[in-house]
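# Coordinate analysis (summary)
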Amino acid sequence: MDLAENPQMEDYSLRYTPSAFRTWSPWMVFLSCLVGLSAMAGYALDAAFVNEFGFGSSLLGFAVASVVTLPLTVVIAFAITRRHIDIDLLTRGSGFGYLGSTVTSLVYATYTLIFLAYEGAIMAQAVTALFRVDVHISYVIVSAVMVPLTLYGMTFSSKFQAWTWPLWILLIGFALVIAATSPSAGHHMVHPVTAHGAAAVGGLTLTAVFTIAAAQLSFAVQIGEQGDYLRLMPDPKGAAGRRRWRLAVLMGGPGLSLFAIVIFFASTLLVGYAGTETTPDHVAVPVDLFTVVYERAVGDHTVALVLAGVLVLLSQIKINIMNTYSGSLSWSNFFSRLLHRHPGRAVWVILQVALALVLMEIDIFAHIVTVLAWYANIGIAWIAAMASDLVINKRWLGLSPPEVEFRRAHLYNVNPVGFGSMVAAAAVSIVAYYGAFGSTAADLSPFIAFVLALALPPLVAAATRGRWYIARTSVFPEGATELPCAVCGGSYDVADMATCPFHQGHICSLCCSTEGSCRDACKPSAWRPPKGPVLLGMPGTAPAPSVSTSLEQTPEALR
């Protein structure tokens, strides 16, 4: 069987997720979203910030970042969950256009890749500590492990995440109790011993707070990984079901920003204790950190190492299932538009893991803070531009269609509203990052990207009068809920279909994306809207006596 035809491997990548596939409970989807809590990267990064800037500045910086990102991620999480599409398809219809979102697919793929490599390096450190193999061999081992664990998508992931949470909570809870009951736990948490052998400065400085917050803005892109699971959320049933549904979406998506504060306290508590028992370079390595903590309770180094190794390996497998899975979806979206082919999500799983192995071998672990500080400028520009279009343009001002259109057949290639705003915001902030506007602007460059990306979409939408949102619409047979695809023969929800003059029938969104011969025959122009009335309506079904009639629903025909 073609890999792209295996529904358990595909998880409806690149297309709308129908209700028949969304069979998991809100609780199971929530547990799958929650794996960001297990990431050991948080413990290492939090310690680095506290050692550099002090506890008070770090805590406030995390809080500022959460205040900024939480509203954005709430908007995007509910948009993904209600429409049952991933963040790439949401981006297409949120002011970016069909090819415009190709760039954001690459941005998103890069994010998942950076963290797959970083978390993989932490996992490899645990393998090396447990089995005494060279760390470069460990990189290969942990990479190979991730391929089979991610091939079967949500079918495997939901069960693995649910079954492993009790053990993870037991191990991490044990470590926190040990650290909390150590002498002067609170003092060392707030004033950890630094690499210079002295306690970190705990005073508040405005520059430090916003420097930390700026770096943390890169984590706004994490909502894309949550969204890859949230799109599988079943429709709510009844008043009680709607309440559970909303709670699962809130806590499984944007709620991770709030959980990050909990992780911050946990990590500083653990690091504060471990810093009194070993050197800072060991504290920065999670398997060494937890070994020191467990050793206080069990008294034996070998037993403590085994406990620490199990915790780190379990944590990293949980988070890297998400990183690999989300990466495979983003690479699928990216290459389907460049190559007009989709060999199957499994192929992109292998690519994601292979690229992560390269990053591990060149020691991304040593450069992660610098990488995230630069990446934040682009990531927050993307997320803020999307949220601006979804809320300001669609809901408040009516400058864009109320629905999110993701089908290639209905979109222009590039929409200047979202894509142009993101590019402009990211360009200005990166120039600021490299010092063109002074040192303060360099430290706060992601905030510059955030403000510009939030403000520009309504201005551009008003200036362009919404012309680049919808190139045409399709009209389907009245009462139709599913239609057969003229290309692949599969039957899909109407929400995933379009009429196609090239194939003289209906076509599913995936086949439309991979069609390279049609040259966008269904639209007068894929790049530039015609003069005349702007098409903002999006009829879904209506009486349609024949396919040929429905093929005429272009802006020119609807004048």
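All of the points below concern the structure found in this document. Residue positions are counted from 1 within each chain, in the order its sequence is given. Only residues with pLDDT of at least 70 are given local features in this predicted model, and only at 80 or more are side-chain atom pairs given and counted; all residues enter the totals for whole chains, interfaces and linings. Water and hydrogen atoms were dropped before computing side-chain values, which therefore reflect all heavy atoms in the structure.

## A word on the pairing of strand 3 (residues 497-500)
The line we're drawing: Any residue under 20% of the maximum accessible area for its type is buried, any over 50% is exposed, and the rest in between are partly exposed; the area is computed with a 1.4 Å probe on protein chains only. Every helix listed is a DSSP run of H or I at least four residues long, and every strand listed is a run of E at least two residues long, numbered separately from the N terminus. In short, DSSP must find at least two bridges between two strands for them to pair.
Of the two faces of strand 3, the one carrying Met497 and Thr499 and the one carrying Ala498 and Cys500 are both buried. Note that strand 3 and strand 4 (residues 505-508) share four bridges and pair antiparallel. Counted as the bridge partner of cysteine 500 is glycine 505 from strand 4. Count of turn residues in the strand 3/strand 4 antiparallel hairpin: four residues, of which glutamine 504 carries a positive phi of about 55 degrees.

## What to know about the environment of glycine 54
Tracing the backbone shows glycine 54 in the loop between helix 3 (41-53) and helix 4 (55-83). For the pair glycine 54 and threonine 205, spaced 151 residues apart in sequence, the C-alpha to C-alpha distance is 9.5 Å.

## Section: helix 16 (residues 301-339)
Filter applied, for reference: Multiplying 1.5 Å by the helix residue count minus one yields the expected span of that helix. Whenever two N or O atoms come within 3.5 Å, that pair is a polar contact, provided that in protein one can donate a hydrogen and the other can accept it, and provided that, for residues adjacent in sequence, both atoms are side-chain atoms.
For helix 16, spanning 39 residues, the distance from its first C-alpha to its last is 53 Å, which sits close to the expected 57 Å at 1.5 Å a residue. Most of helix 16 sits inside the fold, with 31 of its 39 residues counted as buried. For helix 16, the N-terminal cap is aspartate 300; the gap from its side-chain oxygen to the backbone nitrogen of threonine 302 is 3.0 Å. Note on helix 16: the residue one or two positions beyond its end, histidine 340, has a positive phi of about 55 degrees.

## Structural notes on the pattern of salt bridges
As a reminder, the rule being used: We count a salt bridge whenever a side-chain nitrogen from Lys or Arg sits within 4 Å of a carboxyl oxygen from Asp or Glu.
Scanning the entire structure with this criterion turns up eight salt bridges. The partner of aspartate 88 in a salt bridge is arginine 92, with the nearest N and O atoms 3.6 Å apart. Taken together, the positions of aspartate 88 and arginine 92, both in helix 5 (residues 87-96) and four residues apart, correspond to about one turn of that helix. Owing to a relative accessible area of 2%, arginine 92 belongs among the buried residues under this scheme. Of the charged contacts in the structure, one is a salt bridge between arginine 337 and aspartate 88, with a shortest N-O distance of 2.9 Å. Pair noted here: arginine 337 is in helix 16 and aspartate 88 is in helix 5, with a separation of 249 residues, a long-range link.

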